[in-house]
Amino acid sequence: MSTGLENLRIDNEEVVNDEDRSTFEQSQEIEREDSVSAEREKEECFSPSSLPEEDEVIKDAWCDPENPRRCTFQDISAAAYMIKSGIQRTPCTKSLGLSKITGMEIFFKKEFLQITGSFKERGARYTLMMLSPEQKKRGVVAASAGNHALALAYHGTDLGVPVTVVMPISAPLMKVESCKGQGATVIVKGAHLGEAKEIALKLGKENGYQYINGYDHPHIIAGQGTMGLELVEQVTDIDAVLIPVGGGGLIAGTALAIKSLYPNIQIIGVEAESCSSFSAAQDADHPIYTSPSSTLADGLSVPMVGINAFATARGLVNKMVTIRLEGFRVFLISIFAQKGSSEVLEQKR
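Residues numbered from 1 in each chain as written. Predicted model: local features only at pLDDT ≥ 70, side-chain atom pairs only at ≥ 80, totals over all residues. Heavy atoms only, no water.

## As for the sheet that holds strand β8 (residues 266–272)
Which entries qualify depends on this criterion: Two strands are said to pair when DSSP picks up at least two bridges between them. Where helices and strands are cited, they refer to DSSP runs of H or I of at least four residues and of E of at least two residues respectively, numbered from the N terminus. Whenever a helix is involved, its axis is fitted only over the stretch in contact; in every case the axis is a line through C-alpha atoms, and angles between N-to-C directions fall within 0 to 180 degrees. Whether two residues are in contact is decided by their heavy atoms: any pair within 4.5 Å suffices.
If you trace the 3 strands from one edge of the open sheet to the other, you get β7-β8-β9, paired in parallel fashion. Strand pairing shows two members of the sheet lacking a second neighbour, β7 (240–244) and β9 (319–323), which therefore form its edges. When the angles between neighbouring strand axes are averaged without regard to direction, this sheet yields 25 degrees. In terms of strand pairing, β7 meets β8 through 5 bridges, oriented parallel. If you follow Ile243 over to β8, its bridge partner there is Gly269. Sitting on the sheet, helix α10 (residues 249–261) is in contact with β7 and β8, with an inclination near 170 degrees to β8. Against the sheet, helix α11 (residues 277–284) engages β8 and β9, with an angle of about 140 degrees to β9.

In structure tokens, the structure reads:
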């Protein structure tokens, strides 16, 4: 609140009459009351006391263990048509260095060229577009440590859908700030992603938000599958496709898209040995909890693969490979080394 008296000084060198002093003191009191009121409103919106009761267990209706929803090729085709004007058709280029080292033709699908830096945008945009008009007005909520939150925030703003994201306290500060910058309402709460999800589900129930699981919502899976459609158009005579696995949404959608068109292409999943939840689900024939440990690839550290993702991917994945943390470091170093060599060659030209 502006009073017009912000620069008024009261000291021994200045004479101020009682009326002016009274007006000044009153204006300062009003400002203090407005400030306290604003802080109180902010705390009421995001304080633990405003959240639903801690002991209330809320389930995600879209991800029911008793009734898995299998994505179809038609779902992926529809997603590809709907999102094509809102996401990047990323290149899939040959790596000369790694092709030479391995004795094979190695191609990389460069999803880091999406606006927010990951494939998550595909599923996020499609899911937001599939909301009812009423739900688009009310908004959505999600739990994420980074990429899913960023994708929802960006496309939510673009499509006019309010987005609230709950990020665990372990979420990188840079991603927290990026989500805020994209226009999302960000709540940093929860010791880990599991707790953040519980809070998000409760907020959704209280406020009428649609909860969107970042790897298991059927529309998320369909959206991620559009990457597979692009890939088989960009590279011919593919023998195998290697896909990183966390919650399973990417491999489920992409494998379905590729196998529907080219059933002989091998689908190989790659997951961290420290949290091999997809391999564990395959062994048990259903998703089970796997205790995670630290990994450089935090996006792959999902304790239990998605219900719908596993149901969709069942029978489509030819092989799972687990990698150790040390091996992952070596791979990253080799990638950076190849990039550095390429940059040197380009500079010499």
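## Looking at the side chain of Thr226
Residue position: Thr226 is located in helix α9 (residues 218–234). Discounting chain neighbours no more than four positions away, the residues touching Thr226 are Ile76, Ala79, Ala80, Ile83 and Arg122.

## Some points on the packing of aromatic side chains
For clarity, the threshold we go by: What counts as a ring pair is set by centres within 6.5 Å for rings of Phe, Tyr and Trp (its six-membered ring), and what kind of pair is set by the plane angle: stacked under 30 degrees, edge-to-face over 60, tilted for all other angles. Classification of residues uses two cut-offs on accessible area relative to the type maximum, computed with a 1.4 Å probe and protein chains only: under 20% is buried, over 50% is exposed, and between them is partly exposed.
In total, this model carries 1 aromatic pair according to the counting rule given. Centroid distance Phe278 to Phe310: 5.6 Å. Interplanar angle 65 degrees. Geometry classified as edge-to-face. Residue Phe278 is located in helix α11, and its partner Phe310 is located in helix α12 (residues 307–313); the two are separated by 32 residues in the primary sequence. Neither Phe278 nor Phe310 differs from the other in exposure class; each is buried.

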